[in-house]
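Per-entry structural report
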Amino acid sequence: MESVQFIDLNAATVFLLVLIGFISGMVSGFIGSGGAFVLTPAMMSLGAPGMVAVASNICHKFPKALVGAVKRHKYGQVDVKLGLILGLFAELGMLLGKQVMTGIKHSFGHTGTDLYVSVIFIVVLAVVGGYVLRDYRKLRNAPEEKEFVTPKLALWIQAVNIPGTMVNFPVANVRISLLFLIPAGIATGMLAATIAVGGFIGVPAMIYIFGVPAIMASATELVIAFVMGLGGTFLYGLEGVVDVRLSMLILLGSLFGIQLGAIGTTYVKDYQVKLVMAVIMLTVLFSRFFYIPGYLSKLNVIAPLDDSSIATLTTLGDSVLAVALILGAVTVLTALTKGIGEHRKGEMAQEVAARMAALAPAHGQIAPGGRLERIMVATDGSEFSAGAVQTAVELARATGARLYITGIAVYNPEYASTVPGIEQTALAKARADVAAAVAVAADLNHVEVVVESADPYLGIVEAAEEYNVDLIVMGRRGIRGLARDVLGVATARVIGHAPCSVLVAPRGVHLDKGDILVATDGSRYGDAEVWTAGRLAKLLSRQVIAVSAVLPSHNEVRRQQAVTAIEQAKAGLGVEHIQVTGIVTEGRAEQVIVDQALKTGAAMIVVGTHGRTSFERLLMGSVAERVIGFADRPVLVVRM
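Residues numbered from 1 in each chain as written. Predicted model: local features only at pLDDT ≥ 70, side-chain atom pairs only at ≥ 80, totals over all residues. Heavy atoms only, no water.

Now for the packing of aromatic side chains. Counted by the stated rule, this structure contains five aromatic pairs. On the basis of an interplanar angle of 70° and a centroid distance of 6.2 Å, the ring pair of tryptophan 156 and phenylalanine 180 is categorised as edge-to-face. Of this pair, tryptophan 156 sits in helix 5 (residues 152–159) while phenylalanine 180 sits in helix 6 (residues 178–195), and the two are 24 residues apart along the sequence. Ring centres 6.4 Å apart and planes at 20° place the aromatic pair tyrosine 291 and tyrosine 295 in the stacked group. On the basis of relative accessible area, tyrosine 295 is assigned to the buried category, the value being 11%. Positioned above the aromatic ring of tryptophan 531 is the side chain of arginine 535, whose terminal nitrogen or guanidinium carbon lies 5.0 Å from the ring centre. (Phe/Tyr/Trp six-rings, centres within 6.5 Å; stacked < 30°, edge-to-face > 60°. Helix = DSSP H or I, 4+ residues; strand = E, 2+ residues; numbered from the N terminus. Buried < 20%, exposed > 50% of the residue type's maximum accessible area, 1.4 Å probe, protein only. Lys NZ or Arg CZ within 6 Å of the ring centre and 35° of its normal.)

Below, the structure written as structure tokens:
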């Protein structure tokens, strides 16, 4: 039996490992796959035994999987129960796979594990790469994407009822017997224990065997990957084959690379991404062929090869692998360069627009004279979007504005290129959400918009910028106690990054009656909020209720400032012949605003934000966040 062999780390190998991690991260971010099929062979080419490369790769993956799972769970895409159950069975598969690997190691040494890992890689990449290449050809020639249909096998399995074994998964909306979950989980874990890429089995199994929606399957797999990775690191750690140095170095590189890859993929078509993925996979596959004769020779399976022949074959294999890595890097960097060029053009356009805007009064997105020409409403088809759609429709009807009804096709890019149906399912849902909202706004001048994005807030912001809207209307989730959850991650980020003001509407609201309540403190930000409230009041033929709050601890100077702020609001809006009722009262600002809105029956609340884009700094603990979270009526956050 051979002892564990860790590669020597010097300046050159450290640089190469970080570079490989960086390139694999770019490839991962670009093609939407975990990148492990690049990392494991690359570490083996640097001298790490197959078992060490797999174990170290597993160790580097599970922290990223945890972060991804938490992120996707916020968007309701993760079935935690399904992920944990499959993860536990996958852990059993990981144990079995590790036993196979260690058995080969004890019998044939590291050469045996190198051969085993290489053969499995060749088979898996041939199947997956070939399928992706076929998918590329279909997608390139297809006039349009077809909606993904649940396979007949999944429908049959869901219909099978085996008493005592059935498990309900309400988030994924499926009911499945454990007898089907067990083998799928074990197979996923065994593949992960062999090549560190269990998702090649786990995701297709959830979609085609269990009937889980493609978006949810790819997100739920992150939970499985975390459970497998954590357990796999422990199991392989007991064998002493986890090289934490390798894991940390490739993780360091990949964390930077994946960001560039994700940016690059924005500027290419989907079928081009699939082509790049197929080519890289098949190139990596081809590189492993050159190592097979050397492994077989060392194991005396074939006639012995001399050292020079083995060295030549190894050099060829390393060269082909280098070609795969270079191809991935060049593809991503080319797309990124193109994107930077487009971004610079956009910045120049924004600079020109900013100079032009400087010539006009800076009173928010609702301009003097009552112009409100473009309203965008974001809908996800849920009950939480119903209030936003109703509010946007009523506002558009009252103002004559064009309504941009927008659905966001959100899908996890982790397996977007390997699992067909993820994009199609997301697009089909977004189109259905838009269609439902269109039914409410059929009599209005409207535009249907569907945007693809990895994050809901990015899709909303990008659509708002593209269509140059004056106002974004969106829904709000229910109150759940924690400040960050009260507002909602997506809502907070939209407010922080949107190019215009944002109207947040809870469920069951209407604008058919009630005045416009605005909070002011007499500052220039308060003036902008008052101005915007006045424009809305004029458009809707309502009055304005101006509120200013003081605390019991405030001195007379501060109290006088509150009174002055109200008088300024009355005087400013009086010029526009808008009637204003002023209220100065004690209490925390957010509580005063919410209470007064309830007492006066206000139809809408107007508050402001200073436009800081860092989420942690944007609204955390601020008046605006709490008002949005606890008010039972629409809240307009004026962008300044």
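This part is about the packing of helix 5 against helix 7 (residues 199–209). Viewed as axis vectors pointing N to C, helix 5 and helix 7 meet at an angle of 75°, and their least axial separation amounts to 7 Å. Viewed along their axes, helix 5 and helix 7 adopt a mutual orientation that is roughly perpendicular. Facing helix 5, whose interface residues are Leu153, Ala154 and Ile157, helix 7 presents Ile207, Tyr208 and Ile209. Among the residues forming the contact of helix 5 with helix 7, the class breakdown is six nonpolar, no polar and no charged. (Axes fitted to C-alpha atoms, helices over the stretch in contact; angles between N-to-C directions. Parallel < 35°, antiparallel > 145°, perpendicular 65-115°, else oblique. Contact = heavy atoms within 4.5 Å. Nonpolar A, V, L, I, M, F, W, Y, C, P; charged D, E, K, R; others polar.)

What follows concerns unusual backbone geometry. A positive phi angle, close to 70°, is found at alanine 196, a residue other than glycine. Under the relative-accessibility criterion, alanine 196 is labelled buried at 3%.

Right, let's talk about the sheet that holds strand 9 (residues 544–550) for a bit. Across the sheet, which stays open at both edges, the 10 strands sit in the order 5-4-3-6-7-12-11-8-9-10 with mixed pairing between neighbours. Two strands close off the open sheet at either side, each with one partner strand: strand 5 (446–453) and strand 10 (580–586). Direction aside, neighbouring strands of the sheet carry axes that sit 25° apart on average. Here strand 7 (residues 501–505) runs beside strand 12 (residues 635–639); their pairing, made up of three bridges, is antiparallel. Residue pairing for strand 12: valine 504 is matched across the bridge by valine 635. Packed on one face of the sheet, helix 14 (residues 422–440) meets strand 3 (374–379), strand 4 (402–410) and strand 5 and runs near 155° to strand 4. This element, helix 15 (residues 456–466), spans strand 3, strand 4, strand 5 and strand 6 (471–475) of the sheet and lies at about 145° to strand 4. (Pairing = 2+ DSSP bridges.)

What follows concerns the confidence of the model for the protein chain. In this model, the protein chain carries a mean pLDDT of 80, and residues with pLDDT of at least 70 account for 82%. Within the model, pLDDT remains below 50 along residues 352–370, and this stretch shows 24 contacts once partners closer than five positions in the same chain are excluded. (pLDDT = per-residue confidence, 0-100.)

Of all hydrophobic cores here, the largest spans 90 residues; its most connected members are Phe200, Val212 and Tyr236. Among the elements that line this core, the one with the most residues is helix 4 (residues 80–141), at 15 residues. Residues within four places of tyrosine 236 in sequence aside, it is in contact with Met51, Ala55, Ile58, Met94, Gly97, Lys98, Met101, Ala193, Val241 and Val242. Ile375, Ala401, Val509 and Ala533 belong to the second largest nonpolar core, which has 42 residues in total. (Core = buried A, V, L, I, M, F, W, Y, C linked by side-chain atoms within 4.5 Å.)

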